[in-house]
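Inside the fold
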Protein chains: 4
Amino acid sequence: MAQSKFEYTRKFEVEDKLLPNSWIVVRIDGKGFHKFSDTHGFSKPNEKPALDLMNKCACCVMNDFNEIILSYGQSDEYSFVFRPDTGVYSRRSSKIVTNISSLFASSYVFHWKEFFPEKDLIYPPAFDGRAVLYPTVKNLRDYLSWRQADCHINNLYNTVFWTLVNKGGMTNNAAQERLKGTLSGDKNEILFSEFGINYNKESMQYRKGTTIIKKKVEIPSENGAGGTKLRTKTFQLDCDIIGDEFWNENPHLVEAFKET
Amino acid sequence: MAQSKFEYTRKFEVEDKLLPNSWIVVRIDGKGFHKFSDTHGFSKPNEKPALDLMNKCACCVMNDFNEIILSYGQSDEYSFVFRPDTGVYSRRSSKIVTNISSLFASSYVFHWKEFFPEKDLIYPPAFDGRAVLYPTVKNLRDYLSWRQADCHINNLYNTVFWTLVNKGGMTNNAAQERLKGTLSGDKNEILFSEFGINYNKESMQYRKGTTIIKKKVEIPSENGAGGTKLRTKTFQLDCDIIGDEFWNENPHLVEAFKET
Amino acid sequence: MAQSKFEYTRKFEVEDKLLPNSWIVVRIDGKGFHKFSDTHGFSKPNEKPALDLMNKCACCVMNDFNEIILSYGQSDEYSFVFRPDTGVYSRRSSKIVTNISSLFASSYVFHWKEFFPEKDLIYPPAFDGRAVLYPTVKNLRDYLSWRQADCHINNLYNTVFWTLVNKGGMTNNAAQERLKGTLSGDKNEILFSEFGINYNKESMQYRKGTTIIKKKVEIPSENGAGGTKLRTKTFQLDCDIIGDEFWNENPHLVEAFKET
Amino acid sequence: MAQSKFEYTRKFEVEDKLLPNSWIVVRIDGKGFHKFSDTHGFSKPNEKPALDLMNKCACCVMNDFNEIILSYGQSDEYSFVFRPDTGVYSRRSSKIVTNISSLFASSYVFHWKEFFPEKDLIYPPAFDGRAVLYPTVKNLRDYLSWRQADCHINNLYNTVFWTLVNKGGMTNNAAQERLKGTLSGDKNEILFSEFGINYNKESMQYRKGTTIIKKKVEIPSENGAGGTKLRTKTFQLDCDIIGDEFWNENPHLVEAFKET
Ligand SMILES: Nc1nc2c(ncn2[C@H]2C[C@H](O)[C@@H](COP(=O)(O)OP(=O)(O)OP(=O)(O)O)O2)c(=O)[nH]1
Ligand SMILES: Nc1nc2c(ncn2[C@H]2C[C@H](O)[C@@H](COP(=O)(O)OP(=O)(O)OP(=O)(O)O)O2)c(=O)[nH]1
Ligand SMILES: Nc1nc2c(ncn2[C@H]2C[C@H](O)[C@@H](COP(=O)(O)OP(=O)(O)OP(=O)(O)O)O2)c(=O)[nH]1
Ligand SMILES: Nc1nc2c(ncn2[C@H]2C[C@H](O)[C@@H](COP(=O)(O)OP(=O)(O)OP(=O)(O)O)O2)c(=O)[nH]1
Ligand SMILES: O=P(O)(O)OP(=O)(O)OP(=O)(O)O
Ligand SMILES: O=P(O)(O)OP(=O)(O)OP(=O)(O)O
Ligand SMILES: O=P(O)(O)OP(=O)(O)OP(=O)(O)O
Ligand SMILES: O=P(O)(O)OP(=O)(O)OP(=O)(O)O
Ligand SMILES: [Mg+2]
Ligand SMILES: [Mg+2]
Ligand SMILES: [Mg+2]
Ligand SMILES: [Mg+2]
Ligand SMILES: [Mg+2]
Ligand SMILES: [Mg+2]
Ligand SMILES: [Mg+2]
Ligand SMILES: [Mg+2]
Ligand SMILES: [Mg+2]
Ligand SMILES: [Mg+2]
Ligand SMILES: [Mg+2]
Ligand SMILES: [Mg+2]
């Protein structure tokens, strides 16, 4: 069979290796989740089972790609941070992003029923994905801070908006008008003085998003001799990752990759 | 909130627009389907429901992306051909490939039960994806010929191999040894003279893979006046796409995009 | 010597191969030639020796890279068109553009005195360079038309502007104001009715730029037997390359590369 | 004029911005300098005026691009290191490399006579160029070490080779055979015991290449009041840049760009 005659077309593929020794962040984001959330009747602003399902999918991804040191998710998006020295798929960009977004998407369908036992999935979702490089720990932290700040801004807005609509009886348009030009402080104030809601007491998961890391912990060794051994465990957190505290408490995440 | 302070990190994303006016082919391929097929007890060399499920997923993708003019699938892979003038996602490569591979993967899980009513999906599959550009119709046809020739070569090999093992009682190693260095003709001969199998009578779907195209067909118009109207219909074919016949019969696929 | 310890840094280089089977156009453009022209007292709007020197440099480039089938130059820029099947430097983009721009620049200095026997070169010029791909002959011709249309637009503007200043005694500002919003017709009219200049009789080289091609011509063979033989000759033209005439007269340039 | 009709072809250009916040190294290398050196009768292994001319051209480049913090040259190549935060040409890769290689090449011709007053330049040279990113100071230093180690290896080899040929009366082939498989120590030994040459006393410029940096130095201020002021001066060095000493003495080069 004249395969060789056609095989030249493989040469049209382009190499897309990512620069060595820099952090690779893969961010995936649900396609058209505005519509997807509506279709599935997600509660507004936050449908906890949907967020938990996102976290579950992220764990599946981290399970398959053990060089991911941290994942951060909020709304319909998730960011996966690979060690700067990762050799995953020889750092081929499209290999990495497609494998991650497709695994995330198939896991979403696969695990749906665990989070929505009463609700059928109406259509299968897609997720876009992209790989971004960050040369330094500072750049990486700023990236994560950008996403967490985005979570905060959107969640505060959405919380007030839906409170005005659902509890305040406003139309969507009226609520939007009301919020135009308001600052964070104004929004907190509306919530508190008009509805008695202290935004800072809202669920951390909604306000901060979810951060997943691995950590070595001591567990009793099995030999019964009473000693301990180290085991890698996955932790799902809803803490602040903008400030230094989180990073000081988890120096293993980035210390090894800082310049000296 | 100091979002602007962090937003600079968005600038680290790279633009990856694909060259205008050239055919975009997105090929997805199952990750580790050797293991996936084993785990799910797929029959060898071909598990028809699995191939049909792949075709179903391809239809889902074509439904969502209406500028795909042709799709071709075999084994655990599928190729999607976009019109050269497509503006899908502004031709951003990673947007296109991740949306397609993730939709394919989530559809695979979503539709699994329709094809495997008796069999549970054990774990959700991932698919890698890549975008490749082909400047001319000739290059595009050669690409598709490459994939269909690959289908033929693998299927012929696998058919003889598993016949030797399953019907000839050989071990895997012995069958492999037996086939080392054989040409197409030799393999056909083994099948025919030793097992009475005429390879050319094997299922076209296995030997040729599946080609999906859209075509405008005349259907009776609904107004009862007896006229007809044009409707776009999807066709699933298992014909040869290497020779000219298929292309002569479907000039609408590429004619408009040839140089004059 | 511990070279291997450091050699890993070579891996940080990126592959930048250009898509096969598409036209490669390399355009170079003088860096800061506004200032360069002023410093060297070039006449306005056109300094013929400078344009001729540009053409000379283009010939040097075409001499070194024999897969360039056509070059087109105007003002401080030159475009070089490589055959779509060229394998020059394995189609490595930066190799191609840097070799061409640096050869063009060094030739500029090297040949300066031939064109400016009375004038010293005050500082050595730099040229930026870029490679652009065009999949079809139509795209390629449109590219060249874009550059020649640009030549026309700028030259017409500059011709009127400097006529208003030099012959009309206007200040630069006044001339600029006068031309604001005028169309081609208006500019032709100013030249003709106010200064008796018929723009279409201005030098073709200025109005059309310079096109360099190679062509096989018959020359008398040297053996004295009176026969002829084919020799490749370089032609420097100042004709229109937007219309079909030029392409019909020189079918060898692109015919072989059209789809059939 | 129907420019807009053609201007779409500009869209075929690709964006090639280099990742922010990483060191940009541009390395240029003479095209076919084996032949160029022969043609111009360069002495072997080192033609001092040719090396000095290279250094001169590097200074011209550094003069035009003031964000180059260090340049390193040897043989027919030069590396230019841009600050990681440089915004030169918006970090567009081809803009940067073509401007640098073409300026280097034109300067080579422009300054030739100052270094070869008795020798005519026979043809103008070209230089290829490439941009490479290095995320950390360590990577950058390793890159420079790689180039300086390369200089050492080649120069030691060439020194012995040409000594064997010119002083030892060997043919090129015999010298090559003699050196096959020898280590650094062997080569030093040949030079010393057979020709009384102590390699370590050979010119530093040949053994180490040339490093050019800028440094702020105190100079007497002009006002006559006896004070001093800071002025940026260019230093041309032929020292080792692999070890720490050079970097400790010049902390201003990289300290500001280290992670903290
Ligand atoms: N009701 C509800 N909606 C949610 C929830 N989480 C995310 N969403 C919706 C709100 C937003 O419209 C959408 C996420 O915004 P995006 O910017 O990603 O837009 P979308 O996915 O619609 O379009 P895209 O394809 O990403 O450009 O998902 C939730 O928990 N409840
Ligand atoms: N038993 C069985 N296996 C199949 C069938 N279709 C595909 N496969 C298996 C056979 C091959 O081992 C595999 C496809 O080959 P690939 O080159 O794509 O390898 P694989 O997916 O294992 O690795 P990859 O992640 O793509 O590099 O899928 C089928 O119908 N029945
Ligand atoms: N006086 C005079 N000037 C010319 C001639 N040919 C080109 N120039 C000047 C006019 C323009 O200012 C300049 C070409 O325009 P560009 O857009 O390339 O700008 P320039 O090279 O200054 O900046 P660039 O570094 O390319 O962005 O060269 C000429 O024959 N005579
Ligand atoms: N005689 C002599 N030759 C030199 C001197 N400096 C450099 N060269 C020659 C020796 C090498 O053959 C050549 C540099 O090696 P390259 O690997 O760059 O090779 P070349 O430039 O010939 O080819 P290329 O176009 O860079 O691939 O330049 C010198 O001072 N004296
Ligand atoms: O999707 P958006 O609007 O939140 O912003 P983005 O993801 O940066 O935009 P795009 O998906 O088009 O890259
Ligand atoms: O996956 P293979 O081995 O069939 O061949 P390929 O897909 O061209 O290789 P890769 O997936 O590594 O690009
Ligand atoms: O240089 P200009 O302004 O004529 O236009 P351009 O060459 O397309 O711009 P750039 O040199 O910045 O790519
Ligand atoms: O030119 P060489 O052989 O010294 O090695 P290189 O420069 O890495 O090779 P290339 O010029 O082909 O990139
Ligand atoms: Mg988006
Ligand atoms: Mg979304
Ligand atoms: Mg989103
Ligand atoms: Mg593969
Ligand atoms: Mg596979
Ligand atoms: Mg496969
Ligand atoms: Mg320009
Ligand atoms: Mg210019
Ligand atoms: Mg110009
Ligand atoms: Mg080289
Ligand atoms: Mg060289
Ligand atoms: Mg060299």
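A brief report on the enclosed structure follows. (Residues numbered from 1 in each chain as written. Chains lettered and ligands numbered in written order. Predicted model: local features only at pLDDT ≥ 70, side-chain atom pairs only at ≥ 80, totals over all residues. Heavy atoms only, no water.)

This paragraph deals with the pairing of strand β4 (residues 127-134) of chain C. Residue and element names in this part refer to chain C. Taken across its eight residues, β4 has eight buried, putting it largely inside the fold. On β4, burial covers both faces: F127, G129, A131 and L133 on one face and D128, R130, V132 and Y134 on the other are all buried. Here strand β1 (residues 23-30) runs beside β4; their pairing, made up of eight bridges, is antiparallel. Considered in β4, the bridge of G30 is made with F127. (Buried < 20%, exposed > 50% of the residue type's maximum accessible area, 1.4 Å probe, protein only. Helix = DSSP H or I, 4+ residues; strand = E, 2+ residues; numbered from the N terminus. Pairing = 2+ DSSP bridges.)

All right, on to the site of ligand 5 then. Looking at ligand 5, the residues that line it are R130 of chain A together with R10, R92 and K95 of chain B. Looking at the residues close to ligand 5, they fall on chains A and B. Interatomic distance of 2.7 Å between a side-chain N/O atom of R92 of chain B and an oxygen atom of ligand 5. Here an oxygen atom of ligand 5 sits 2.7 Å away from a polar atom, N or O, in the side chain of K95 of chain B. Here the residues of the shell around ligand 5 are counted per class, giving no nonpolar, no polar and four charged. (Near = heavy atom within 4 Å. Polar contact = N/O pair within 3.5 Å; in protein donor to acceptor, adjacent residues only side chain to side chain. Nonpolar A, V, L, I, M, F, W, Y, C, P; charged D, E, K, R; others polar.)

Time to look at the interface of chain A and chain B. The interface of chain A with chain B comprises 54 residues on the first partner and 54 residues on the second. Run the count over chain A and chain B and you get eight salt bridges. For the salt bridge of E13 of chain A with R27 of chain B, the shortest nitrogen-to-oxygen distance reads 3.1 Å. The interface formed by chain A and chain B contains 19 residue pairs in polar contact (both at pLDDT 80 or more). When contributions to the side of chain A that touches chain B are tallied by element, the ones reaching two or more residues are α1 (3-7), α4 (93-115), β4 (127-134) and α5 (137-166) of chain A. Per element, the largest residue contribution to the side of chain A that touches chain B is 13 residues, and it comes from α4 of chain A. Residues that form the side of chain A that touches chain B fall into these classes: 27 nonpolar, 14 polar and 13 charged. (Contact = heavy atoms within 4.5 Å. Salt bridge = Lys/Arg side-chain N within 4 Å of Asp/Glu carboxyl O.)

Now for the coordination of the magnesium ion (ligand 13). Residues and elements named next belong to chain B. Within the first shell, the magnesium ion (ligand 13) binds the protein through D29 (OD), G30 (O) and D76 (OD), at distances of 2.0 to 2.1 Å. In this structure, the magnesium ion (ligand 13) is surrounded by six donor atoms whose angles at the metal cover 83 to 178°, and the resulting shape is octahedral. Each donor residue of the magnesium ion (ligand 13) lies on the same chain, and together they follow the pattern D-G-x45-D. Between the magnesium ion (ligand 13) and the magnesium ion (ligand 12) the interatomic distance amounts to 5.7 Å. Of the two residues, G30 sits in strand β1 (residues 23-30) while D76 sits in the loop between β2 (68-74) and β3 (77-82), which places them 46 residues apart along the sequence. Each member of the pair, G30 together with D76, is buried. (Donors = N, O, S within 2.8 Å, 3.2 Å for Na, K, Ca; no water. Tetrahedral: all angles 85-135°; square planar, octahedral: opposite > 155°, others 65-115°.)

Attention shifts here to the site of ligand 4. Residues and elements named next belong to chain D. Among the 15 residues in the neighbourhood of ligand 4, the closest are listed as D29, G32, F33, E47 and D76. Within the backbone of S43, one N or O atom sits 3.1 Å away from a nitrogen atom of ligand 4. Within the contact set of ligand 4, an oxygen atom lies 2.9 Å away from a backbone nitrogen or oxygen of E47. Contact with the protein chains removes 65% of the 630 Å² of surface that ligand 4 exposes when unbound. (Areas by Shrake-Rupley, 256 points an atom, 1.4 Å probe, with all protein chains shown as cover.)

We now examine the relation of the copies chain A and chain B. The second copy of the chain is related to the first by a rotation about an axis and a shift along the axis. For the match of chain A to chain B, the screw axis carries a shift of 0.0 Å, the RMSD comes to 0.0 Å, and the turn is 180°. What the superposition gives is, in effect, a two-fold axis relating one chain to the other. When the interface residues of chain A are mapped onto chain B, 100% of them again lie at the interface, so the same face is used by both copies. (Least-squares fit on C-alpha atoms with pLDDT ≥ 70 in both.)

On to the relation of the copies chain D and chain C, then. Screw-axis analysis of chain D against chain C gives a translation of 0.0 Å along the axis, an RMSD of 0.0 Å, and a rotation angle of 180°. Of all interface residues in chain D, 100% are interface residues in chain C too; the two copies therefore contact each other through one and the same surface.

We now examine the pattern of salt bridges. Opposite charge on two side chains makes pairing possible when the charged atoms of those side chains draw close. Using the criterion set out here, one finds 68 salt bridges over all chains in the structure. R10 of chain C serves as the salt-bridge partner of E7 of chain C, at 3.6 Å between the closest nitrogen and oxygen. Classification of E7 of chain C as partly exposed rests on a relative accessible area of 31%. Among the charged side chains, a salt-bridge network with shared partners connects E13 and K95 of chain A together with R27, D128 and R130 of chain B.

With that out of the way, let us pick up unusual backbone geometry. Cis geometry is adopted by the peptide bond preceding P45 of chain B, which originates at K44 of chain B and carries an omega value of 5°. On the secondary structure map, P45 of chain B appears in the loop between α2 (33-39) and α3 (48-64). For N21 of chain A, which is not glycine, the phi dihedral falls at a positive 50°. With respect to the helices and strands, N21 of chain A occurs in the loop between α1 and β1 (23-30). On the basis of relative accessible area, N21 of chain A is assigned to the partly exposed category, the value being 28%. A positive phi angle, near 60°, is found at R91 of chain B, a position not held by glycine. Looking at where R91 of chain B falls in the secondary structure, it is placed in the loop between β3 and α4 (93-115).

Here the focus is the packing of aromatic side chains. Taken as a whole, this structure holds 103 aromatic pairs over all chains when the rule is applied. When the centroid spacing of 4.1 Å and the interplanar angle of 25° are considered together, the rings of W112 of chain B and F116 of chain B count as stacked. As far as the burial class goes, W112 of chain B and F116 of chain B line up, both buried. Relative to F127 of chain C, the ring of F104 of chain C lies with its centre 5.0 Å away and its plane at 70°, an arrangement referred to as edge-to-face. Linking F104 of chain C in helix α4 (residues 93-115) with F127 of chain C in strand β4, this pair joins segments that are 23 residues apart in sequence. When sorted by exposure, F104 of chain C lands in the same class as F127 of chain C, which is buried. Among the aromatic residues, those joined into a cluster by ring pairs are F33, F36, F42, Y78, F80, F104, Y108, W112, F116, Y123 and F127 of chain A. Between the NZ or CZ atom of R147 of chain B and the centre of the ring of W146 of chain B, over which it lies, the distance is 4.4 Å. Positioned over the ring face of F235 of chain B is K215 of chain B, at 6.0 Å from the centre of the ring. (Phe/Tyr/Trp six-rings, centres within 6.5 Å; stacked < 30°, edge-to-face > 60°. Lys NZ or Arg CZ within 6 Å of the ring centre and 35° of its normal.)

We now examine the packing of α4 of chain A against α4 of chain B. For the pair α4 of chain A and α4 of chain B, interaxial distance at closest approach is 7 Å and the crossing angle is 30°. Considered as vectors, α4 of chain A and α4 of chain B are oriented roughly parallel to each other. The handedness of the crossing between α4 of chain A and α4 of chain B comes out as right-handed. Contacts from V97, T98, S101, S102, A105, S106, V109 and F110 of chain A of α4 of chain A reach α4 of chain B at V97, T98, S101, S102, A105, S106, V109 and F110 of chain B. In terms of residue class, the contact of α4 of chain A with α4 of chain B is built from eight nonpolar, eight polar and no charged. (Axes fitted to C-alpha atoms, helices over the stretch in contact; angles between N-to-C directions. Parallel < 35°, antiparallel > 145°, perpendicular 65-115°, else oblique. Left-handed = near helix turned anticlockwise from the far one by under 90°.)

It is worth spelling out the sheet that holds β1 of chain C at this point. Residues and elements named next belong to chain C. With respect to topology, six strands assemble into an open sheet ordered β4-β1-β3-β2-β5-β6, the strand pairing being antiparallel. Among the strands making up the open sheet, the edge pair consists of β4 and β6 (228-237). Direction aside, neighbouring strands of the sheet carry axes that sit 25° apart on average. Lying over the sheet, α4 contacts β1, β3 (77-82) and β4, oriented at roughly 140° with respect to β4.

A few words on the interface of chain D and chain C. Each side of the interface is counted separately: chain D has 54 residues, and chain C has 54 residues. Taking both sides of the interface into account, the surface hidden between chain D and chain C amounts to around 4500 Å²; carbon and sulfur atoms contribute 61%. Summed over the shared surface of chain D and chain C, the result is eight salt bridges. Put simply, D64 of chain D and K31 of chain C hold a salt bridge, and the shortest N to O gap is 3.5 Å. Where chain D touches chain C, the interface holds 18 residue pairs in polar contact (both at pLDDT 80 or more). Put simply, the parts of the chain that give the side of chain D that touches chain C at least two residues each are α1 (3-7), α4 (93-115), β4 (127-134) and α5 (137-166) of chain D. Sorting elements by how many residues they give to the side of chain D that touches chain C places α4 of chain D first, with 13 residues. Of the residues belonging to the side of chain D that touches chain C, the class tally is 27 nonpolar, 14 polar and 13 charged. (Buried area = accessible area lost by both parts, 1.4 Å probe.)

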